[in-house]
Amino acid sequence: MATSTVSFKSREDHRKQIELEEARKAGLAPAEVDEDGKEINPHIPQYMSSAPWYLNAERPSLKHQRKWKSNPSYTKDWYDRGATIGRADKYRKGACENCGAMTHDAKSCMDRPRKLGAKWTGKYIAPDEKIEHFELDYDGKRDRWNGYDAASFARVVERYEAADEARKKFLKEQQLKKLEEKNTTGDEKDTPSDDDDEDSLKIDEAKVDESKQMDFAKVEKRVRTTGGGSTGTVRNLRIREDTAKYLLNLDINSAYYDPKTRAMREDPLPDADPNEKFYAGDNQNRHSGQALEFKQLNVHAWEAFEKGQDVHMQAAPSQAELLFKNFQVNKEKLKSHTKDVIMEKYGNAAAQEELPQELLLGQSERQVEYDRAGRIIKGQDVVLPKSKYEEDVYINNHTSVWGSWFHNFQWGYQCCQQTIKNSYCTGSAGIEAAEAAGELMKANIARKEANEEKPAAAEDKQLATWGSDVPDDLVLDKKKLADALKKEDERRREEKDERKRKYNVTWNDEVTAEDMEAFRIKKVHHDDPMKEFLH
């Protein structure tokens, strides 16, 4: 039943096949077995059990109906971040010239550029990164939680549990300390109720005074109306007399206003006087004031977490801020200590005497002389810093780089004036040979133009009216020519008026020279601007 190849069967074989299928459905015959030895349900329809022709299945099987993906977890795999394979002891050929890893090159290296790379020092070889390739399906590519480690949330739970234990321990110590003070003083007048004392010792950070909580978002402003001014309470609302930010500049090419978030990041009036503007875009608030401090605090929290500190800006902002303040204090102390050590060792010339005005303005006594072509005659030129990319690399025995020469809208080498990039340098000899070849080509062209004969001028032959050469003894009869002109006029008049044409029209195929001359005279020249006045 589950066959894929359709072969010719006789009527008897087809009848036996139908009887076998009916017996299998009735349970009188054993079920059909596939390639793996599994029984095939005889009640499966043929259009499901038969394999497509392009699979070339020789035996009955249901593999074409099963899941063909080899990896069952193609939506759960993810990259092992930060994993490395191993570290080499010495530099290997083809590795990164900067850090020595085999998994990338020098241009894509993310390590700090070294003064001497691992290719030349052979030390501090970086480990090779672990490179993985996954075949994700549609859902796997769009799963935002793919690769998330749920065990990382246990650190947050542990941190909160530790803070809760510390809070309970602190409350217990405070209670014991209060009881010891009561026992030592022996004063029982101020102990009307022990429950009030215990309640006063408890600290609940989540509880806020209701009056403060209600007035938290309250802003006292004077709201002016058309009917008269009145003082009221507005909760974080702007004064309605202020111009809306999207009405400051009605140009469609001005700053974009997002109506959903009511945000306008760019300045709607960039050319206006900054002293007169009261709104310069939302980006001004993001890059000024405490926004920069908050950004520095976030960056410090990230870097501290990467270096092993148990700090999180969103979970414990007070702890992160305190750690950042301590870091800034220690940083200032380290700077001052380093400055004191340097001044103690080398002295402080700036405090002893004032610097000359020339040095303060960035001037010096260094003198450099140039010639008319811009070359240095005397002195030393300013050394430009080199980049991480290759510079001044000369190939194929060239003494100049590609692009140092330009001629006839083509780039080339200055040393040999060749415009082929992968050519071998020929030096001055190549330049002389190219010039000689150019001169020889010019001389050959000039010689060819001088030797070329000018085409003979065509003789003005008087052609016959019927298209052949005019014989020397051709003489037109004036009387016959006048008769031919009349006939031509009558013929043209008949062509204009079809009603004058007779039924018994006879045609004369014999054309004389006078008839052709009359046709040429009466012929309408469409290119002639005076054709309307000829006839």
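For clarity, every value in this text was computed on a predicted model and none was experimentally measured.

Basis of the calculations
- Residues numbered from 1 in each chain as written.
- Predicted model: local features only at pLDDT ≥ 70, side-chain atom pairs only at ≥ 80, totals over all residues.
- Heavy atoms only, no water.
- Helix = DSSP H or I, 4+ residues; strand = E, 2+ residues; numbered from the N terminus.
- Buried < 20%, exposed > 50% of the residue type's maximum accessible area, 1.4 Å probe, protein only.
- Contact = heavy atoms within 4.5 Å.
- Areas by Shrake-Rupley, 256 points an atom, 1.4 Å probe, with all protein chains shown as cover.
- Axes fitted to C-alpha atoms, helices over the stretch in contact; angles between N-to-C directions.
- Parallel < 35°, antiparallel > 145°, perpendicular 65-115°, else oblique.
- Left-handed = near helix turned anticlockwise from the far one by under 90°.
- Nonpolar A, V, L, I, M, F, W, Y, C, P; charged D, E, K, R; others polar.
- Expected span 1.5 Å × (residues − 1).
- Polar contact = N/O pair within 3.5 Å; in protein donor to acceptor, adjacent residues only side chain to side chain.
- Phe/Tyr/Trp six-rings, centres within 6.5 Å; stacked < 30°, edge-to-face > 60°.
- Lys NZ or Arg CZ within 6 Å of the ring centre and 35° of its normal.
- Core = buried A, V, L, I, M, F, W, Y, C linked by side-chain atoms within 4.5 Å.
- Patch = residues over 30% accessible without salt bridge, like charges linked within 9 Å, V, L, I, M, F, W, Y side chains within 5 Å.
- Salt bridge = Lys/Arg side-chain N within 4 Å of Asp/Glu carboxyl O.
- Lys, Arg positive; Asp, Glu negative; His and termini not counted.
- pLDDT = per-residue confidence, 0-100.

Visitor: Please clarify how the overall build of the protein chain should be interpreted in this entry.
Guide: Each helix and strand counted, the protein chain has 15 helices and eight strands in total. A total of 535 residues make up the protein chain; the buried ones form 15% of that total. Put simply, 40% of the contacts in the protein chain that link residues at least 6 apart link residues at least 24 apart. Counting only carbon and sulfur atoms, one obtains 52% of the accessible surface of the protein chain, whose full area is about 46800 Å².

Visitor: Looking at this structure, how should I read the packing of helix H14 (residues 478–496) against helix H15 (residues 513–522)?
Guide: Between two packed helices, the angle of one axis relative to the other and the distance separating the axes together describe the packing. Two elements in contact, H14 and H15, have axes separated by 8 Å at closest approach and are oriented at 55°. What the angle tells us is that H14 and H15 run oblique. In this structure, H14 meets H15 at a crossing whose hand is right-handed. The segment H14 lies against H15, with Lys480, Leu481, Ala484, Leu485, Glu488, Asp489, Arg491 and Arg492 engaging Glu514, Asp515, Glu517, Ala518, Phe519, Ile521 and Lys522. Of the residues belonging to the contact of H14 with H15, the class tally is six nonpolar, no polar and nine charged.

Visitor: How should H14 be read in this particular structure?
Guide: Each full turn of the α-helix corresponds to 3.6 residues, which orients residues three or four apart in the same direction. With 19 residues, H14 extends 27 Å from end C-alpha to end C-alpha; this agrees with the ideal 27 Å at 1.5 Å per step. N-capping of H14 is provided by Asp477, with a side-chain oxygen placed 3.4 Å from the backbone N of Lys479.

Visitor: Would you take a moment to explain the packing of aromatic side chains for this structure?
Guide: Within a pair of aromatic rings, the relevant descriptors are the distance that separates the centres and the angle that separates the planes. On inspection of all chains with the given rule, the structure shows seven aromatic pairs. With 5.2 Å between their ring centres and 75° between their planes, Trp145 and Tyr148 make a pair best called edge-to-face. Its relative accessible area of 54% is what places Trp145 among the exposed residues. An angle of 70° between the planes, with centres 5.2 Å apart, marks the rings of Trp402 and Tyr413 as edge-to-face. Taken together, the positions of Trp402 in the loop between strand S6 (376–378) and strand S7 (405–407) and Tyr413 in the loop between strand S8 (410–412) and helix H13 (427–451) put the pair 11 residues apart, joining distant regions of the chain. Trp402 gets classed as partly exposed once you look at its relative accessible area, which sits at 33%. Residue Tyr413 is classed as buried on the basis of its relative accessible area of 2%. The rings of Phe406, Phe409 and Trp411 are connected pair by pair, giving a single aromatic cluster. Cation over ring: Arg142 sits above Tyr138, and NZ or CZ is 3.7 Å from the ring centre.

Visitor: Help me understand unusual backbone geometry in this model?
Guide: Most peptide bonds are trans, and most residues other than glycine sit at a negative phi. Of note in the backbone geometry, Arg262 takes a positive phi value of approximately 55° without being a glycine. Topologically, Arg262 is positioned in the loop between strand S4 (228–234) and helix H8 (282–286). Within the chain, Gln417 stands out as a residue other than glycine whose phi angle is a positive 55°. Structurally, Gln417 is set in the loop between S8 and H13.

Visitor: Explain the nonpolar core here, please?
Guide: One broad rule of soluble globular proteins: the nonpolar side chains tend to lie buried together. Counting residues in each nonpolar core, the largest one holds seven residues, listed as Leu297, Ala301, Ala304, Val311, Met313, Ala320 and Phe324. Of all the secondary structure elements, the ones that give two or more residues to this core are helix H9 (290–306) and helix H10 (317–346). Residues in contact with Ala320, not counting those within four places in the same chain, are Leu297, Val311, His312 and Met313.

Visitor: Explanation requested: the packing of H9 against H10 in the structure shown.
Guide: Between H9 and H10, the least distance of the axes is 10 Å, while the angle of their chain directions is 90°. Considering the angle they form, H9 stands roughly perpendicular to H10. Every residue of H10 that contacts H9 at Gln296, Leu297, His300 and Ala304 is listed here: Ala320, Glu321, Leu323, Phe324 and Phe327. Here the contact of H9 with H10 is composed, by residue class, of six nonpolar, two polar and one charged.

Visitor: Please explain the side chain of His300 as it appears in this structure.
Guide: Position of His300 relative to the elements: it lies in helix H9. Note on His300: relative accessible area 12%, which makes it buried. With residues up to four places along the chain from it excluded, the contact list for His300 reads Leu323, Phe324 and Phe327.

Visitor: I would appreciate a short explanation of a nonpolar patch on the surface in the present structure.
Guide: Where nonpolar side chains cluster on the molecular surface, the patch consists of Trp145, Tyr148, Phe153 and Val157 and spans about 450 Å² of accessible area. Structurally, Trp145 is set in the loop between helix H4 (138–141) and helix H5 (153–185).

Visitor: Honestly, the environment of Asn253 in this entry has me stumped. Any pointers?
Guide: Position of Asn253 relative to the elements: it lies in the loop between S4 and H8. Measuring from C-alpha to C-alpha, the distance between Asn253 and Pro268 comes to 9.8 Å, with 15 residues separating the pair along the chain.

Visitor: Is there a simple way to think about the side chain of Glu514 in this case?
Guide: Looking at where Glu514 falls in the secondary structure, it is placed in helix H15. Although Glu514 lies buried, it forms no salt bridge, and the closest oppositely charged side chain, Lys480, sits 5.6 Å away as judged by the N-O distance. Contact partners of Glu514, with chain neighbours within four places excluded, come to Val475, Leu476, Asp477, Lys480, Leu481 and Ala484.

Visitor: Would you mind going over the environment of Arg81 with me for this structure?
Guide: Position of Arg81 relative to the elements: it lies in the loop between helix H2 (46–49) and helix H3 (118–121). On a C-alpha basis, the gap between Arg81 and Ile131 in space is 9.7 Å, while along the polypeptide they are 50 residues apart.

Visitor: Please clarify how the confidence of the model for the protein chain should be interpreted in this entry.
Guide: Low pLDDT means the predicted atomic positions in that stretch should not be read closely. Taken residue by residue, the protein chain gives an average pLDDT of 79. The fraction at 70 or more is 76%. Mean pLDDT in the protein chain bottoms out at helix H7 (residues 210–214), which sits at 42, and peaks at H3, which reaches 93. Here residues 225–230 is a poorly scored stretch, pLDDT under 50, and it has three contacts once near neighbours within four places are set aside; other chains count. Note that residues 458–465 has pLDDT below 50 and, in this model, 11 contacts with residues that lie over four places away or in other chains.

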